[in-house]
Amino acid sequence: MSSDSAPPPSSSSTHSNSLTLPSLTRSASGQADESAGHGRGSVDRGQRSAGLRTGWPAWFLLGAVVLLAFNLRTAVASMGAVLGEVRVDLHLSPVVAGLLTTLPVLCFAAFGAVAAGLARRFGSSRVVVAALLTIVVGQAVRVMVSSIPVFLLATGLALAGMAIGNVLIPAFVKETFPGRVGLATAAYTTSMAVGTTLPAALTVPIAEVLGGWRPGLGVWAVPAVVAVLPWLLLLRGSRSERTITRGGARPLALWDLSRSPLAWSLAVYFGLQSLQAYAAFGWLAQIFRDAGVDAAHAGLLLSILPVVGIPLSLAFPAIAARLPDQRPLVVACGVPYVVGYVGLLLAPRAGALIWVVMLGLGGGAFPLALTMIGLRSRAHDVTARLSGFTQSVGYLLAATGPLAMGALFGVTGGWTVPIGFLLALVAPLMATGLFAARRRYVDDELHPSA
């Protein structure tokens, strides 16, 4: 999100220093970005000319986004790598350990819901700086304490900062790079994928070298310290970031998006793809172990999932932005899920590598969903609210996935029904994705007479 949150063009305008770049307001073909100028609800003049009021170069702005994105999963991925050691050292009960693994989606839903409102009130740069500082403090404090409540609170603090960053990045990209939404989204989703893969892979070796899980987790506060520096410069170089609404019009509220069928389709699509991902990360290794795969091999197979996601994060957003609609990509993500789950049901051990790669390809729905948030909205304030609505509703839905998998396994004593449950959810995943992928705008559904 940019350093200001402009309301929809039908009711208000910006009154602040935007970070849009004049050189990036057109697409590669030289045509104006599709979100600006297609009838009602098009981007207002203040947003289109915002680049004339900033001196920040494109590489600096994109670098700030990439650094922020890298830190939006580190606290989650690093914890998963040493959860066993943390449970033993802090004497966590199974219930508390379960809460710790569910805490990310709950925090992403709860704090993501207030992110756009905070940005409107205080300015995006200020909120991003505060979010990064909470990530630093949360990750640092949790490795210094032995109190379980304080450990959980510190972890929640770090996750709250990440939740806010999750929501604000798509709107920042929409305003700052209106003609390069796909490329900018590819950059930050790839950074997010790397920020997931590296902590998962390196936390244990770092812990072994530095003497335990505490430094292994604590080291991931350092990238957040680095990431906050360019945002501090953006904050110092900007003028007032608060949005002024003309004529006493009520600002767009997060739950105003509930009137939009398109917003609901995006939220459910995002939620179902997140549910698939969290269920896989939570249970896939155990599925392979119960099929006769040794623990080390099962862990290695699980690590392939985020690795497959890296090239997809690079490719999918750029491709999506160039297509007239994104339905082919929705299908391209849905079909591998079907192949992967059917394979797990029929031959979980024999074709394990193939099934993991298929599920990883299905995970391309994540960068696709984030890209569509920017493509299905015109004004960046609507993008911010759409991002918050999509991710809040989506992560609440996603939280049910690992719990349902565990419950179904407990009732049936096997993995056929749980895997069948995930396979059945591919149908609504594709249905909502196909609905959201058509070229329409949430702005038009919210302001039909604009």
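Our subject in this report is the structure included herewith. Keep in mind that this is a model prediction, so the values were computed, not measured. (Residues numbered from 1 in each chain as written. Predicted model: local features only at pLDDT ≥ 70, side-chain atom pairs only at ≥ 80, totals over all residues. Heavy atoms only, no water.)

Time to look at the overall build of the protein. A tally of helices and strands in the protein yields 19 helices and zero strands. For the protein, with 450 residues in total, the buried portion stands at 55%. Within the protein, residue pairs in contact and separated by at least 24 positions form 84% of the contacts whose partners lie at least 6 positions apart. Carbon and sulfur atoms form 70% of the exposed surface of the protein, whose accessible area is close to 16,800 Å². (Helix = DSSP H or I, 4+ residues; strand = E, 2+ residues; numbered from the N terminus. Buried < 20%, exposed > 50% of the residue type's maximum accessible area, 1.4 Å probe, protein only. Contact = heavy atoms within 4.5 Å. Areas by Shrake-Rupley, 256 points an atom, 1.4 Å probe, with all protein chains shown as cover.)

Once that is clear, we can look at the pattern of salt bridges. In the structure shown here, the tally under the stated rule is five salt bridges. A salt bridge links R378 to D444; the shortest N-O distance between them is 2.7 Å. One end of the pair, R378, is in the loop between α15 (365-375) and α16 (380-398); the other, D444, is in helix α19 (residues 442-446), and 66 residues separate them in sequence. Ionic pairing is found between E445 and R440, a salt bridge with its closest N-O pair at 3.7 Å. A relative accessible area of 24% means that E445 is categorised as partly exposed. (Salt bridge = Lys/Arg side-chain N within 4 Å of Asp/Glu carboxyl O.)

Our focus in this paragraph is the nonpolar core. By size, the foremost hydrophobic cluster in this structure holds 105 residues, and its most contacted members are W231, L284, F288 and L368. Examining the composition of this core, we find that 14 residues originate from one element, helix α11 (residues 261-290), more than from any other. Setting aside chain neighbours within four positions, we find L368 in contact with Y269, F316, A320, Q326, L329, V330 and C333. Counting 13 residues, the second-largest nonpolar core is a separate cluster that includes M79, L90, L92 and F151. (Core = buried A, V, L, I, M, F, W, Y, C linked by side-chain atoms within 4.5 Å.)

This part covers the packing of aromatic side chains. Evaluated as defined, the whole model comprises twelve aromatic pairs. Taken together, a centroid distance of 5.1 Å and an interplanar angle of 55° make the contact between F108 and Y395 tilted. Of this pair, F108 sits in helix α5 (residues 94-122) while Y395 is found in helix α16, placing the two residues 287 residues apart along the sequence. Exposure class is identical for F108 and Y395. Each is buried. Aromatic rings pair up to connect F108, F270, Y278, F366 and Y395 into one cluster. Here the guanidinium or amino end of R378 rests over the ring plane of Y441, the centre of that ring lying 3.9 Å away. Over the face of the ring belonging to F435 we find R440, whose NZ or CZ atom lies 4.3 Å from the ring centre. (Phe/Tyr/Trp six-rings, centres within 6.5 Å; stacked < 30°, edge-to-face > 60°. Lys NZ or Arg CZ within 6 Å of the ring centre and 35° of its normal.)

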